[in-house]
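# Remarks on the overall topology
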Amino acid sequence: MSQPLPGSGPQNQPGGPAGRGLPTPPKGWPIGSYSTYAEAQRAVDYLSDQQFPVQNVTIVGVDLMQVERITGRLTWGRVLSAGAASGAWLGLFLGLLVGLFVSGDALVSTIIAGVIGGVVFGLISASVPYWASRGTRDFSSTMQLVAGRYDVLCDPQVAEQARDMLARLNIQ
């Protein structure tokens, strides 16, 4: 039989007396370990479909890694075009918003002024940080937090029942 993780119990659950609102490590017995989040989510969904009280379950990402995927090279052309495009959208939105309060004749000129102002603002707000970096980061990227595995933990009082249910899921 598995041993519970230290400090499990209602006094250490979120909102319990031991730490209202403060981040605390997850508590409970492990009932499954999965290589992807989708598999862990499928397990919890299965428990939910079987009417198991899933409020007693936690998915925990273990062995966390920060992954930065490079999406391309940054050039002045890309920086300025992206700044102009995002500024144009912002200007269009603000022009339409102001346009709600002007008469019909001034609507088009209000929208055009908003788009032009947005493009100028976008060009400035994109080019200044790129210029300030002086070529130390000439690439674009996305950042992601990824886990090496995903453990599903459960309150010790119902962990055996959950483990038995998940065993039936693996058979199917």
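Up top you'll find the structure we're talking about.
Quick look at the structure, then. (Residues numbered from 1 in each chain as written. Predicted model: local features only at pLDDT ≥ 70, side-chain atom pairs only at ≥ 80, totals over all residues. Heavy atoms only, no water.)

## With respect to helix H1 (residues 37–49)
Here H1 contains 13 residues, and its C-alpha end-to-end distance of 18 Å stays within 8% of the 18 Å for a straight helix at 1.5 Å per residue. For H1, the full list of buried residues reads Ala40, Ala43, Val44, Tyr46 and Leu47. Mapping the buried residues of H1 onto a view down its axis gives an arc of 155°, with all of them on the same face. Among the exposed residues of H1, those pointing more than 90 degrees away from its buried face are Ala38 and Arg42. A positive backbone phi angle near 65° is found at glutamine 51, which sits one or two residues after H1. (Helix = DSSP H or I, 4+ residues; strand = E, 2+ residues; numbered from the N terminus. Expected span 1.5 Å × (residues − 1). Buried < 20%, exposed > 50% of the residue type's maximum accessible area, 1.4 Å probe, protein only. Arc of directions from axis to C-beta.)

## With respect to the pattern of salt bridges
Evaluated as defined, the whole model comprises 4 salt bridges. A salt bridge links arginine 137 to glutamate 68, with the nearest nitrogen and oxygen atoms 2.6 Å apart. With arginine 137 in the loop between helix H3 (107–133) and strand E3 (139–154) and glutamate 68 in strand E2 (residues 57–73), this pair connects stretches of sequence that are 69 residues apart. Accessibility expressed as a relative area gives 37% for arginine 137, which makes it partly exposed. A salt bridge links glutamate 160 to arginine 163, with the shortest nitrogen-to-oxygen separation between them at 2.9 Å. Of this pair, glutamate 160 and arginine 163 both sit in helix H4 (residues 159–171), 3 residues apart, which is roughly one turn of the helix. Here the residues in one salt-bridge network are Asp63, Arg149 and Asp151, joined through shared partners. (Salt bridge = Lys/Arg side-chain N within 4 Å of Asp/Glu carboxyl O.)

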